[in-house]
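In case you want the letters, here they are:
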4 protein chains.
Amino acid sequence: MGYQEKKDLVLREIKQSMDMINAEEAEKMVHMICAAEQVFVVGVGRVLLMMKAFVKRLNHLGISANYVGAVNEPAITERDVLIVGSGSGESVVPLEIMKIAKCYQAKIIHIGSNQHSSMRPYEDLFVRIPCSTKLHQEDEIESEQIMSSLFEQSLLLLGDAAAMMIAEEKEIKDIHALWKMHANLE
Amino acid sequence: MGYQEKKDLVLREIKQSMDMINAEEAEKMVHMICAAEQVFVVGVGRVLLMMKAFVKRLNHLGISANYVGAVNEPAITERDVLIVGSGSGESVVPLEIMKIAKCYQAKIIHIGSNQHSSMRPYEDLFVRIPCSTKLHQEDEIESEQIMSSLFEQSLLLLGDAAAMMIAEEKEIKDIHALWKMHANLE
Amino acid sequence: MGYQEKKDLVLREIKQSMDMINAEEAEKMVHMICAAEQVFVVGVGRVLLMMKAFVKRLNHLGISANYVGAVNEPAITERDVLIVGSGSGESVVPLEIMKIAKCYQAKIIHIGSNQHSSMRPYEDLFVRIPCSTKLHQEDEIESEQIMSSLFEQSLLLLGDAAAMMIAEEKEIKDIHALWKMHANLE
Amino acid sequence: MGYQEKKDLVLREIKQSMDMINAEEAEKMVHMICAAEQVFVVGVGRVLLMMKAFVKRLNHLGISANYVGAVNEPAITERDVLIVGSGSGESVVPLEIMKIAKCYQAKIIHIGSNQHSSMRPYEDLFVRIPCSTKLHQEDEIESEQIMSSLFEQSLLLLGDAAAMMIAEEKEIKDIHALWKMHANLE
């Protein structure tokens, strides 16, 4: 029941999951983000929290990013990217938002596990994190963690790896200088 | 117990409260907002919700506004304004944020009821909504509504009146054209 | 351009709108809320902010209430009520949530302006605030305020009037004692 | 610049950080959470997002948990626990909240990096994640990631490991049955 055992389980699963992410897909995502005028994210529950953490970091990197529903959310246009986080690819709200974004001709990135989801027809890029979904497909990691924890953890780490790739693509050399973009009131 | 009676009570109190707001203070607030590079707001509970509604409208009017704690909150500078909503002027968190903003030489507007609060030394402008606070001062409206409802209602209406004043100051003639600034994904 | 003129406009429109709300509908809403095990709310933008203010007050009154998407959102059941705020009754996300809630046999209250919306088939109760929508129907108040401000203001006031009605229905005599239910950390 | 290199860096740092967390401290935290009537969390920025993810999971496990500032935040009492996430232990807002919670005699857990912070006098338990802070202490991991990413990642993983420990302590055998506690509207 101790911390050691649980921590080792988490580290082992995360390594497995991060190693299985396709590098090309991650790199394509980075290029699409750097080419966009604005980045929007959508998701539900803990997935949305991880997407918001990514949005926060993108803003530190000088990329205009926001989540759908924010108080200062601007209108989306064909020069923007919407990133949808959804393991199963079947969450109703993100799917509906995705369809609307497609009408405005925004580019769509879906980060998920299920590659045969209802989101497929609307995606410009699918980045796969092969965690177990409730659908129990063959090529997934069968996580022993609670609910979709492994997907959410992988999503955070993928975002943080992507943030470092973006810093390089944008040739930001002094990472410590980024603190000047950081909120300073709390 | 019916709707009629309660609705009449609310309308009567709101009229009293809005009529007692000093027009000059409201107009000064509008000028300070229009002169700022960025607007930040802070508050707690239902007061914060009303401040967020104001932030949303300011963005529609082309003013860069955000709340303290937002995922894309930028750094505050001496060219910005912080608006603090606090009836009593004694809420700990807003007071601390106010002090930090002052260090960065931002302008401070306090919208509150109590004119002798701990926030006083940090304010560049105090806009008074004379609702009852827990302090029971003499020159306040003794509201019969639950808790600070009257303050929160007045705050929303003050913000919406200010929004119209800002639209005029910025010579935005076609208010319907503002919909193009509006979020379009939900 | 001054505060006086704008404030009078707001007060006039609010009075008109609140007076036109059907008292029976408001009273039915109060009964449904008091009979529910849990209350959920959904909406977008400023409407959601007003719904959250209502949720906050319901919790002070001892009613278990939350918004869809909250970190501690429980599962909805047939003993619960979902309140949807949407002027036009056509917002995609609230409409989808409404359909899901209906599948779980929850009761549905819609507070809106347009009485012929796509939400109609799912509603157990429609509470009408007759403000102008983008649809320009005949029996609406043509507001001179920015966007849907009048609907949002009326929504807040309706919620606050309903809160007082609920306090009476639940025979809460000492309204000041409610402060002990109030968050005490900020 | 590729994904492989960045992903390996993240995995290496996370393993280092998670391995250095003191198991006893983590286990004490689990006991304190299980013994509490309610759990509150506070933090700022990305740290708060990770704390919210923990709150969400605690609720799935049947533990009443919320974040400071939530719309349905109850009053804190001496039977509750406040968990403060702050690497440096110097963030003004969490520090102020901590002091107030102490006045109500709630138990305080601080998860941070700096063990000589201003939060020290108020803590009942300090759980250390030894990541680099801006203070550059000797016994810290010097992360190559952007800003405090390593602290935030470790916080999420610590919370998820703790969630599994709590499930065991509460003898929840069928983890899949937890889905019935999960929000079902989105």
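Residues numbered from 1 in each chain as written. Chains lettered and ligands numbered in written order. Predicted model: local features only at pLDDT ≥ 70, side-chain atom pairs only at ≥ 80, totals over all residues. Heavy atoms only, no water.

By the naming in an unreviewed UniProt entry, chain A is Sugar isomerase, taken from Candidatus Anaerostipes excrementavium. In the Sequence similarities (unreviewed entry) part of its UniProt record, chain A is described as follows: "Belongs to the SIS family. PHI subfamily." (UniProt positions renumbered as here; feature names shortened; annotations may be inferred.)

Colleague: Which residues make up the sheet that holds strand β1 (residues 39-42) of chain A, and what values do they have?
Modeller: Residue and element names in this part refer to chain A. Pairing is parallel across the open sheet formed by 5 strands, whose spatial order is β2-β1-β3-β4-β5. Lying at the two open borders of the sheet, with one neighbouring strand each, are β2 (65-67) and β5 (125-128). Taken over all neighbouring pairs, the strand axes of this sheet differ in orientation by 20 degrees on average, direction set aside. Where β1 meets strand β3 (residues 81-85), 4 bridges bridge the pair, whose relative direction is parallel. Bridge pairing links V39 to V81 in β3. Its contacts with the sheet place helix α4 (residues 92-103) against β1, β3 and β4 (107-112), and it is angled at close to 165 degrees to β3. (Pairing = 2+ DSSP bridges. Helix = DSSP H or I, 4+ residues; strand = E, 2+ residues; numbered from the N terminus. Axes fitted to C-alpha atoms, helices over the stretch in contact; angles between N-to-C directions. Contact = heavy atoms within 4.5 Å.)

Colleague: Summarise the pattern of salt bridges; cite the residues concerned and give the values.
Modeller: Considering all chains together, one arrives at 52 salt bridges over all chains under this definition. A salt bridge links E123 of chain B to R120 of chain B; its shortest N-O distance comes to 3.1 Å. Note on E123 of chain B: relative accessible area 14%, which makes it buried. Two residues, K99 of chain C and E96 of chain C, come together in a salt bridge whose shortest N-O distance is 3.4 Å. Of this pair, K99 of chain C and E96 of chain C are both found in helix α4 (residues 92-103), 3 residues apart, which corresponds to roughly one turn of the helix. If you follow the salt bridges from partner to partner, you end up with K7 and D8 of chain A together with K15 and D19 of chain D in one network. (Salt bridge = Lys/Arg side-chain N within 4 Å of Asp/Glu carboxyl O. Buried < 20%, exposed > 50% of the residue type's maximum accessible area, 1.4 Å probe, protein only.)

Colleague: Can you explain the interface of chain D and chain B? Please cite residues and give values.
Modeller: Chain D puts 5 residues into the contact, and the matching count from chain B is 5 residues. Interface area for chain D against chain B, summed over the two sides, is near 480 Å², with a carbon-plus-sulfur share of 90%. Looking at the side of chain D facing chain B, the largest losses of area belong to V92, V93 and E96 of chain D, adding up to 66% of the total buried there. Summed over the shared surface of chain D and chain B, the result is 0 salt bridges. (Buried area = accessible area lost by both parts, 1.4 Å probe.)

Colleague: Can you tell me about the relation of the copies chain A and chain D, naming the residues and giving the values?
Modeller: Taken as rigid bodies, chain A and chain D are interconverted by a rotation of 180 degrees and an axial shift of 0.0 Å, the fit giving an RMSD of 0.0 Å. Accordingly, the operation relating the two chain copies is best matched by a two-fold axis. Closest approach to the rotation axis among the C-alpha atoms of chain A is made by L49 of chain A, whose C-alpha sits 2.9 Å away. Take the interface residues of chain A: 100% of them recur as interface residues in chain D, which is what a same-surface contact looks like. (Least-squares fit on C-alpha atoms with pLDDT ≥ 70 in both.)

Colleague: Talk me through the interface of chain A and chain D; I want residue IDs and the actual numbers.
Modeller: Taken residue by residue, the interface counts 57 residues in chain A and 58 residues in chain D. Across the interface of chain A and chain D, roughly 5,300 Å² is buried in total on both sides, 72% from carbon and sulfur atoms. Put simply, chain A and chain D have 8 salt bridges between them. Residue E168 of chain D pairs with K6 of chain A through a salt bridge whose shortest N-O separation is 2.7 Å. Where chain A packs against chain D, one counts 19 residue pairs in polar contact (both at pLDDT 80 or more). Broken down by secondary-structure element, the contributors of at least two residues to the side of chain A that touches chain D are α1 (3-20), α2 (23-35), α3 (45-60), α4 and α5 (149-169) of chain A. Of the residues assigned to the side of chain A that touches chain D, the class counts are 31 nonpolar, 10 polar and 16 charged. (Polar contact = N/O pair within 3.5 Å; in protein donor to acceptor, adjacent residues only side chain to side chain. Nonpolar A, V, L, I, M, F, W, Y, C, P; charged D, E, K, R; others polar.)

Colleague: Requested: an account of unusual backbone geometry, with residues and values cited.
Modeller: Residues and elements named next belong to chain B. Phi angles above zero are rare outside glycine, and Q105 is one such case at about 65 degrees. Its location among the elements puts Q105 in the loop between α4 (92-103) and β4 (107-112). We classify Q105 as exposed; its relative accessible area is 56%.

Colleague: Explain the sheet that holds β4 of chain B to me, and be specific about the residues and the numbers.
Modeller: All names here are of chain B. Pairing is parallel across the open sheet formed by 5 strands, whose spatial order is β2-β1-β3-β4-β5. Strand pairing shows two members of the sheet lacking a second neighbour, β2 (65-67) and β5 (125-128), which therefore form its edges. Neighbour-to-neighbour, the strand axes of this sheet turn through a mean angle of 20 degrees, independent of strand direction. In terms of strand pairing, strand β3 (residues 81-85) meets β4 through 5 bridges, oriented parallel. Note that in β4 the partner of V84 across the bridge is H110. The strands that helix α2 (residues 23-35) touches are β1 (39-42), β3, β4 and β5; relative to β5, the one it contacts most, it runs at about 135 degrees.

Colleague: Please give an account of the pairing of β5 of chain B that cites residues and values.
Modeller: Residues and elements named next belong to chain B. Side chains L125 and V127 project from β5 onto one buried face, and the interleaved F126 and R128 project onto a second face that is buried too. Across 4 bridges, the pairing between β4 and β5 is parallel. What sits directly across from I109, in β5, is L125.

Colleague: An account of helix α5 (residues 149-169) of chain C is requested, with residue identities and associated values reported.
Modeller: All names here are of chain C. With 21 residues, α5 should cover 30 Å at 1.5 Å per step; its first-to-last C-alpha distance of 30 Å lies within 8% of that length. Of all 21 residues that make up α5, 19 are buried, and the element is covered over most of its length. Once α5 finishes, E171 follows within two positions and takes phi at roughly 55 degrees, a positive value. (Expected span 1.5 Å × (residues − 1).)

Colleague: Could you give me a rundown of the packing of aromatic side chains, with the residues and numbers involved?
Modeller: Using the criterion set out here, one finds 0 aromatic pairs over all chains in the structure. In this structure, K52 of chain C packs its charged tip against the face of Y67 of chain C, placed 4.3 Å from the ring centre. (Phe/Tyr/Trp six-rings, centres within 6.5 Å; stacked < 30°, edge-to-face > 60°. Lys NZ or Arg CZ within 6 Å of the ring centre and 35° of its normal.)

Colleague: Which residues make up the relation of the copies chain D and chain B, and what values go with them?
Modeller: Once turned by 180 degrees and shifted 0.0 Å along the axis, chain D lies on chain B with an RMSD of 0.0 Å. Comparing contact sets, 100% of the residues at the interface of chain D also lie at the interface in chain B, consistent with an isologous, same-surface contact.

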